[in-house]
Amino acid sequence: MSKSLRAGKWVNPGSLNGIDPKLQIRFFQHYRNELEPLGVFVGAGIDDAVVRRIMCGEVAGLSAELVDRIGVIDEMSTGGNHQLLLDEAKRLGLDVGPSPSTADLVVHLLLDGTESLERIYAERLPIARRLFRSHFALTADPPLISGVADHVLKAHEDGLETDFVGRRRGSGARVFHFPTPTGFRQMIRRADLAHRDVSVDPVTGGRQHIIFHPERFDVLIYEQGQGEMQVNAKHDADVRAYLEHVGHHLFGQSQLFLAEGLPAKYTLKPILEKGEACLRCDDVPELDGVWLRGLDWSHSKGVDLVERPRSKSDLFRAMTDSGRGIPRGVKLMSATFNVLFRTGREGQLRIVLPNNAVYSRESDSEVILRWLGLRGFLQDRRKATDGLTRALVAAS
């Protein structure tokens, strides 16, 4: 498969929900030899639970092609790609049915128009952005964690279910826990808030009001070297619930990640202190280049500004060419970077102070965090948590 069709290995299991069941079976049939021993095929259908485990990265040893193609389905199945994919399918003469979903179109092109999909993929640079909020454990040393017993995970799951149902935030919570060499990851599936919509019958044109709870997947990542919990969730209240329950059930302290006055993980001082030199990446083998694409800052006079170059050039160069610079006395609030990987793929990173990072792909985070650390964009954990740790100990 072309390098342009390379996706991350941590994929939202909900991305298969938009694919017609018969088309799903046809897709997986292409990999029957490696999937049948895993129990994917049940009679004439497939086992959804096994497929979810595969998409969450729990099953090792899958072919690189299958892993990549599942990732491509996830990344390309956005509404903004629908018309482009549909036009291409029609151009190729593919039979996609009367009302194909975007995911259906991706699979049709994967199976019968791979070259066309590779071109579209490269042109559109699909981005499945995830915003991760970082929360440090407020302890003198990062708390370590090894295996987690099944009954602990069940209590964690039940606690989340009770919490979300009690706050009418959705039900059906399921926790998929995956140990990693540096901590663990959890993907949490649940029903989101009730959604009301109108369904139109494609044959009769009749309208019918429906109420349903969309399925959503949130992510927790724990890096025990820094004692850091990263959370991807839609609402602040949900973030707090995840932090409270994971702290209580897995670490025995519900407030472990919830002290007031959140310590900052990121700093943008290198941009002000080092200028363009803060973008060097020659010591990160996976990267070919980094560009500063935008800055948001506030001024003491109460004026908030956003600076973006009009072209695709680096912001430092654009400001130099126009005879300007970053004004003195400003407080940087966020920065956007474009990142070019050695594979030829381009990604994007946005840092929003103090604790938020938005990655093009979650799988990029390891490399990008290493680059951020080398350039001084990451705060030292002990420095960031020192005052809060002492306050927490004094209050206990």
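Just so it is clear, the structure is predicted and the values come from calculations on it, not from any experiment. (Residues numbered from 1 in each chain as written. Predicted model: local features only at pLDDT ≥ 70, side-chain atom pairs only at ≥ 80, totals over all residues. Heavy atoms only, no water.)

Caption draft 1: Looking closely at the overall build of the chain. A tally of helices and strands in the chain yields 13 helices and 14 strands. Partitioning the contacts of the chain with sequence separation of at least 6, the portion at a separation of at least 24 is 65%. (Helix = DSSP H or I, 4+ residues; strand = E, 2+ residues; numbered from the N terminus. Contact = heavy atoms within 4.5 Å.)

Caption draft 2: Up close: the packing of helix α5 (residues 82-91) against helix α6 (residues 102-112). Between α5 and α6, the least distance of the axes is 9 Å, while the angle of their chain directions is 40°. If you check the angle between α5 and α6, you find them oblique. As α5 packs across α6, the resulting crossing turns out to be left-handed. Facing α5, whose interface residues are H82, L85, L86, E88 and A89, α6 presents T102, L105, V106 and L109. Residues of the contact of α5 with α6, tallied by class, amount to 6 nonpolar, 2 polar and 1 charged. (Axes fitted to C-alpha atoms, helices over the stretch in contact; angles between N-to-C directions. Parallel < 35°, antiparallel > 145°, perpendicular 65-115°, else oblique. Left-handed = near helix turned anticlockwise from the far one by under 90°. Nonpolar A, V, L, I, M, F, W, Y, C, P; charged D, E, K, R; others polar.)

Caption draft 3: Molecular detail of the nonpolar core. By size, the foremost hydrophobic cluster in this structure holds 38 residues, and its most contacted members are I271, L287, L292, F337, W371 and L372. In this view, I271 contacts C278, L292, L295, F316, I326, L332, A335, F337 and F377; residues no more than four positions away in its chain are not counted. Counting residues in hydrophobic clusters, the runner-up holds 34 residues, among them F28, V72, A89 and L110. (Core = buried A, V, L, I, M, F, W, Y, C linked by side-chain atoms within 4.5 Å. Buried < 20%, exposed > 50% of the residue type's maximum accessible area, 1.4 Å probe, protein only.)

Caption draft 4: Focus on the packing of helix α1 (residues 21-29) against α6. At a minimum axis distance of 11 Å, the contact between α1 and α6 shows a crossing angle of 30°. Accordingly, the angle class assigned to the pair α1 and α6 is roughly parallel. Crossing of α1 over α6 shows left-handed handedness. Contact residues: α1 offers L23, R26 and F27, while α6 offers D104, V107, H108, L110, L111 and D112. Residue classes in the contact of α1 with α6 are distributed as 5 nonpolar, 1 polar and 3 charged.

Caption draft 5: Main features of the side chain of N355. Relative to the assigned elements, N355 resides in the loop between β13 (346-352) and β14 (356-359). Residue classification places N355 among the buried residues on the basis of a relative accessible area of 2%. For N355, the side chain forms a polar contact with the main-chain nitrogen of K265, separated by 3.5 Å. (Polar contact = N/O pair within 3.5 Å; in protein donor to acceptor, adjacent residues only side chain to side chain.)

Caption draft 6: Fine view of the pairing of strand β8 (residues 215-223). Buried residues dominate β8, accounting for 7 of its 9 residues. In this structure, strand β5 (residues 183-191) lies alongside β8, joined through 9 bridges in antiparallel fashion. Its bridge partner being in β8, R185 is matched across the sheet by I221. Two strands pair when backbone bridges link them, and β8 and strand β9 (residues 228-232) are joined in this way by 5 bridges, in the antiparallel orientation. Looking at the pairing, L220 lines up with V231 of β9. Here β8 folds back onto β9, and the loop between the two strands holds 4 residues, one of which, G227, carries a positive phi near 60°. (Pairing = 2+ DSSP bridges.)

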